[in-house]
Amino acid sequence: MRKLENFELKKGYAEFCPVGEVSFEQMVDLISRAVLMCRKQKINNLLLDSTRLSGFQQPGISERFNLAERIARDAASLVKIAHVAGPEWVRSGKFGVIVSKNRGLDAELFHSPSLALEWLLQPAKKST
């Protein structure tokens, strides 16, 4: 797999902060590649910061559904994702997060990188 720009290994997680003007489809592909790279390298936690991506209109419900479904499939319940995004991503009540969780992905959306990292590095809660 070709190296991803702005993908760094940190202590206990990987961080992916893509930058640039891209189409929505290109953004989906970048996120997918980062998730697949985490799986391949057995990295369980991914901090994704998409706040420096631009060039596309905010996706509608069907695009958000397809994105969430693809990333959940790529993660295969092996990668926990904390996504730092702008407020426009939450306008639909975290629809994508709900779709992802319904497909087995442990993911959450944040506006703050520090809160995202805090959540990401919390140990998994044991079910009772």
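Each remark here, short or long, concerns the structure printed above.
All of these numbers come straight from a predicted model, not from anything done at the bench.

Q: Is there a simple way to think about helix α1 (residues 24-40) in this case?
A: Helical geometry note: an α-helix holds 3.6 residues per turn, so side chains three or four residues apart project in the same direction. The first and last C-alpha atoms of α1 sit 24 Å apart over 17 residues, in line with the 24 Å expected at 1.5 Å per residue. Every buried residue of α1 is listed here: Phe24, Met27, Val28, Ile31, Ser32, Ala34, Val35, Met37 and Cys38. Where α1 is buried, its residues touch β1 (7-10), β2 (13-16), β4 (45-49), β5 (53-54), α2 (61-75) and β6 (80-84). Among the residues trailing α1, Lys42 stands out with phi positive, at a value near 55 degrees.

Q: Which parts of the structure should I look at to understand the nonpolar core?
A: Generally speaking, soluble globular proteins have nonpolar side chains that are buried together. Membership of the largest hydrophobic core comes to 30 residues, with the highest contact counts inside it found for Phe7, Met27, Leu46, Ile81 and Trp89. Going through the elements one at a time, β2, α1, β4, α2 and β7 (107-110) are the ones with two or more residues in this core. The greatest single-element share of this core, amounting to 8 residues, is contributed by α1. Discounting residues that sit within four places of it in the chain, Ile81 has contacts with Val35, Leu46, Leu48, Ile71, Leu105, Asp106, Ala107, Glu108, Trp119 and Leu120. With 8 residues, the next largest nonpolar core counts Tyr13, Leu47, Ala82 and Trp119 among its residues.

Q: Is there a simple way to explain helix α3 (residues 95-102) in this structure?
A: Turning to α3, its buried residues number three or more, namely Val97, Val99 and Ser100. One side of α3 carries all its buried residues, which in axial view fall inside an arc of 160 degrees. Looking at the buried positions of α3, the neighbouring elements they touch are α2 and β7. Where α3 terminates, the next one or two residues include Gly104, which has phi positive at roughly 90 degrees.

Calculation criteria
Residues numbered from 1 in each chain as written. Predicted model: local features only at pLDDT ≥ 70, side-chain atom pairs only at ≥ 80, totals over all residues. Heavy atoms only, no water. Helix = DSSP H or I, 4+ residues; strand = E, 2+ residues; numbered from the N terminus. Expected span 1.5 Å × (residues − 1). Buried < 20%, exposed > 50% of the residue type's maximum accessible area, 1.4 Å probe, protein only. Contact = heavy atoms within 4.5 Å. Core = buried A, V, L, I, M, F, W, Y, C linked by side-chain atoms within 4.5 Å. Arc of directions from axis to C-beta.

Nothing here speaks to function; it is all geometry.
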